Amino acid sequence: MRLLIVEDEVHLQKIIKKRLIKEGYSVDACGNGKEALDYLAVFPYDAVILDVMLPGMSGMDVLKKMRREGSAVPVMFLTAKDEIEDRVEGLNCGADDYLVKPFAFEELLARIRVMLRRSADTPTDELALADLRVDVGKHTVSRAGSRVELSAKEFAVLEYLMRNQGRVLSREQIEQHVWDCGYEGGSNMVDVYIRYLRKKLDEGYEKKLIHTVRGAGYVVREP
Ligand code: CA
C-alpha cells in the first residue's frame, strides 16, 4: 500500500519514512502543503500522514482542499498541539484520525492499519481467500495452514491484490500502489513479482488463486 508523508521536520520525516518502508509500505515524503497537493494530483495514495503545522499552507488547509476536490483518501493528522479544539477542527474538516507528537511508532502503525482497514471495508487485519491467509498486522502468510515466507515486496503486492480480491487490477494500478516514485516504471516488475507469488502460493495446489486476465491484468479469486 502506498502512503504519502507530509512533515517539515526533516529528521522526523526520515524516521517515519524509513520505518514505514521497513513495514513494507511504499512511501513518498515531502515537507510542505503545496508539494503534497502536487503528489496527490499524480499518485493514487492509500493513505496520507499529514503534519498540521507546515510552512506556508497548513495541513488543515491541505485536507480541506483535498476534500473539496472530492478526494476520499484517508488522512491522519500529526501534530505537536494536543488541544481539544484542534482535534475537533481536524476531524470536522475530514481527517480520519489524529495522532499527537511525540507518539510511539507502534501506535502510528496500528492506526495506519485501522485506516486502511476502514477504507477497504475489511473488519480485521487478516485477509482471507479460500485457504490463503494474509495477516497484514503480523506480516504473516499461510496457505492451507502452512506458513509461506515472502519478501517485503512480494508481501506488498499480495496485500494489494488481497485487499482488492475479486477485482481485476491492471499492471499500472499494482505498480502505482506498491512502488514509490523513486521507482522508474516501464519494466515488467509486476509480472516478475506475480511469478514469484504464484511459485510460492499456487504451485502444488490444485486450486489456483492468482489469475491472469488477458489484456487487463491480474486478479486473486477462487477459481
Ligand atoms: Ca511541523
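Look a little higher up for the structure.
Residues numbered from 1 in each chain as written. Predicted model: local features only at pLDDT ≥ 70, side-chain atom pairs only at ≥ 80, totals over all residues. Heavy atoms only, no water.

Caption draft 1: Fine view of the packing of helix H6 (residues 152-163) against helix H8 (residues 189-202). Closest axis-to-axis distance for the H6/H8 pair is 10 Å, and the angle between their directions is 85 degrees. One way to sum up the angle between H6 and H8 is to call them roughly perpendicular. Contacts between H6 and H8 involve Lys153, Glu154, Val157, Leu158 and Leu161 from the first element and Tyr193, Ile194, Tyr196, Leu197, Lys200 and Leu201 from the second. Tallied by class, residues from the contact of H6 with H8 come to eight nonpolar, no polar and three charged. (Axes fitted to C-alpha atoms, helices over the stretch in contact; angles between N-to-C directions. Helix = DSSP H or I, 4+ residues; strand = E, 2+ residues; numbered from the N terminus. Parallel < 35°, antiparallel > 145°, perpendicular 65-115°, else oblique. Contact = heavy atoms within 4.5 Å. Nonpolar A, V, L, I, M, F, W, Y, C, P; charged D, E, K, R; others polar.)

Caption draft 2: The arrangement of helix H5 (residues 105-120) in detail. With 16 residues, H5 extends 23 Å between its outermost C-alpha atoms, agreeing within 8% with the 22 Å of an ideal straight helix rising 1.5 Å per residue. Of the surrounding elements, those touching the buried residues of H5 are strand E1 (2-6), helix H1 (10-22), strand E3 (47-51), strand E4 (75-79), strand E5 (97-100) and H6. (Expected span 1.5 Å × (residues − 1).)

Caption draft 3: A look at the side chain of Asp28. By secondary structure assignment, the location of Asp28 is in strand E2 (residues 26-30). At 2.8 Å, the side chain of Asp28 and the side chain of Arg2 are in polar contact. (Polar contact = N/O pair within 3.5 Å; in protein donor to acceptor, adjacent residues only side chain to side chain.)

Caption draft 4: Structural view of the sheet that holds E1. As summarised here, the arrangement of the five strands in space is E2-E1-E3-E4-E5, forming an open sheet in which the pairing is parallel. Each edge of the open sheet is held by one strand with a lone partner, namely E2 and E5. Averaged over all pairs of adjacent strands, the angle between strand axes in this sheet comes to 20 degrees, irrespective of strand direction. Bridge analysis of E1 against E3 gives four bridges, and the strand direction is parallel. Counted as the bridge partner of Ile5 is Ile49 from E3. Across the sheet, helix H2 (residues 33-42) lies against E1, E2 and E3, angled at about 145 degrees from E2, the strand it touches most. Against the sheet, H5 engages E1, E3, E4 and E5, with an angle of about 155 degrees to E4. (Pairing = 2+ DSSP bridges.)

Caption draft 5: Summary view of the pairing of E4. For E4, a buried count of five out of five residues is recorded, marking the element as mostly surrounded by other parts of the structure. Residues of E4 alternate between two faces, with Val75, Phe77 and Thr79 on one and Met76 and Leu78 on the opposite face, all of them buried. In terms of strand pairing, E3 meets E4 through four bridges, oriented parallel. Residue pairing for E4: Val48 is matched across the bridge by Val75. Of the crossover connections in this fold, the one passing from E3 over helix H3 (residues 59-68) to the parallel E4 is right-handed. (Buried < 20%, exposed > 50% of the residue type's maximum accessible area, 1.4 Å probe, protein only. Right-handed = clockwise from strand over helix to strand, strands pointing away.)

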